[in-house]
Amino acid sequence: MRSKFIVYASGVLTLTVAAAALVATAAESANSGAADRTPIPPALQALSRETGMQIVGPTLPAPPGMKGWAAFKGQQPLAFYSTDDGKYVIVGTMIDARANDLTKSALEKAVGSQLSGGIWKQLERSHWIADGNPAARRIVYVFTDPNCPYCSRLWGDVQPWVKTGKVQVRNIIVGILTPTSYGKAAALLAAPDPQKAFQDHEATQYSVNANNGPGHLKSLDSTGIAPLAAIDAATKRKLDENMQLMSSLGVEATPAVYWKDPNGLLQSSLGEPSSNLSAVFGPR
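Chemist: So what about the sheet that holds strand S7 (residues 138–144)? Which residues, and what values?
Modeler: Strand order across the open sheet formed by five strands is S6-S8-S7-S9-S10, with mixed pairing between neighbours. Since the sheet does not close on itself, it has two edges, and those belong to strand S6 (128–132) and strand S10 (266–270), each with one partner. Neighbour-to-neighbour, the strand axes of the sheet open up by a mean angle of 20 degrees, direction not taken into account. Across three bridges, S7 lies against strand S9 (residues 256–260) in antiparallel orientation. Bridge pairing in S9 places Phe143 opposite Ala256. Across the sheet, helix H5 (residues 194–210) lies against S6, S7 and strand S8 (167–173), angled at about 70 degrees from S6, the strand it touches most.

Chemist: Can you break down helix H3 (residues 149–163) residue by residue, with the values?
Modeler: With 15 residues, H3 should cover 21 Å at 1.5 Å per step; its first-to-last C-alpha distance of 21 Å lies within 8% of that length. Of all bends in H3, the biggest is about 35 degrees, found at Asp157, and the proline Pro160 comes one to four residues later. Within H3, burial applies to Pro149, Cys151, Ser152, Leu154, Trp155, Gly156, Val158, Gln159, Trp161 and Val162. Close packing links the buried residues of H3 with S6, S7, S8, H5, S9 and helix H7 (277–281).

Chemist: Describe in detail the pairing of S9, supporting the description with residues and values.
Modeler: Counting buried positions over the five residues of S9 gives four, a clear majority of the element. As defined by bridge partners, S9 adjoins S10 across five bridges and the pair is classed as antiparallel. Paired with Ala256 across the bridge in S10 is Leu270.

Thresholds, definitions, all that
Residue indices follow the written sequence of each chain, beginning from 1 at its first position. Only residues with pLDDT of at least 70 get local features here, since the model is predicted, and only at 80 or more are side-chain atom pairs given and counted; chain-wide, interface and lining totals rely on the full set of residues. In computing side-chain properties, one takes all heavy atoms of the structure into account and sets aside hydrogens as well as water. If DSSP finds at least two bridges between two strands, the strands pair. For helices the rule is a DSSP run of H or I covering at least 4 residues; for strands it is a run of E covering at least 2, with both sets numbered from the N terminus onward. To obtain each axis, a line is fitted to C-alpha atoms, and for helices this fit is confined to the stretch in contact; angles are then taken between N-to-C directions over 0 to 180 degrees. Between two residues, a contact is recorded if the distance between any of their heavy atoms is within 4.5 Å. To estimate how far a helix should reach, multiply one less than its number of residues by 1.5 Å. By definition, a residue's bend is the angle between the axes fitted to the seven residues ending there and the seven starting there. Relative accessible area decides the class of each residue, using a 1.4 Å probe on protein chains only: under 20% of the type maximum gives buried, over 50% gives exposed, and in between gives partly exposed.

Here you go:
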């Protein structure tokens, strides 16, 4: 006996099929590993063109007469269900008669590696200052503001991991917190030896931070590296690209930490993960 299906939709898309359907093929099926030549419904093609959404393929379980499509935009996985004729597409979660979510795990499996790989490449291409062994097997990216006291505390907390040589922290420098943040961030990126400048700056900030006492930490705008008064075009471009990446990932504060779990999937944490350092940085 077939299970009954219900679609809980956050919205319904009713873009009708064009007279001549555009021909496109789906990506390799995550369930079978075989190439699936099912044409992508024109409604999804239109959404992909208009929004930049990437369609992985018809890999989600669906009831008779429908196909389930996995997709993602930015960091957001998306599930779509199309009618067999491709004229209508519903976006949402598929629930069976026993209230089982048939979408979540299948969607994560379908888009997880592609989503992780795409964001990781963006992080790799950003403008970062390394802390630790360049040959380290574990890489962790941190969006860091030079005046952020929680970034400074995180820097101090992870030094035992960095000193083992097993971890390299790549600090993506941004300037968003206080009026001097942008100039200080530029000074770090433009320094003759950015790594030394960053180490000296964080050592100072960490020392000042230690005297702040318990409770809410104060910004560190009056200490550390001096902000640049005049910023050259190349440094400004690097800093602005870092801040644009931060915005595109939906990050609004620092520190923001990105790493890969044992399965190679991207994980992230906003704020200092003080209670979860071993999960991020591994065993010492």
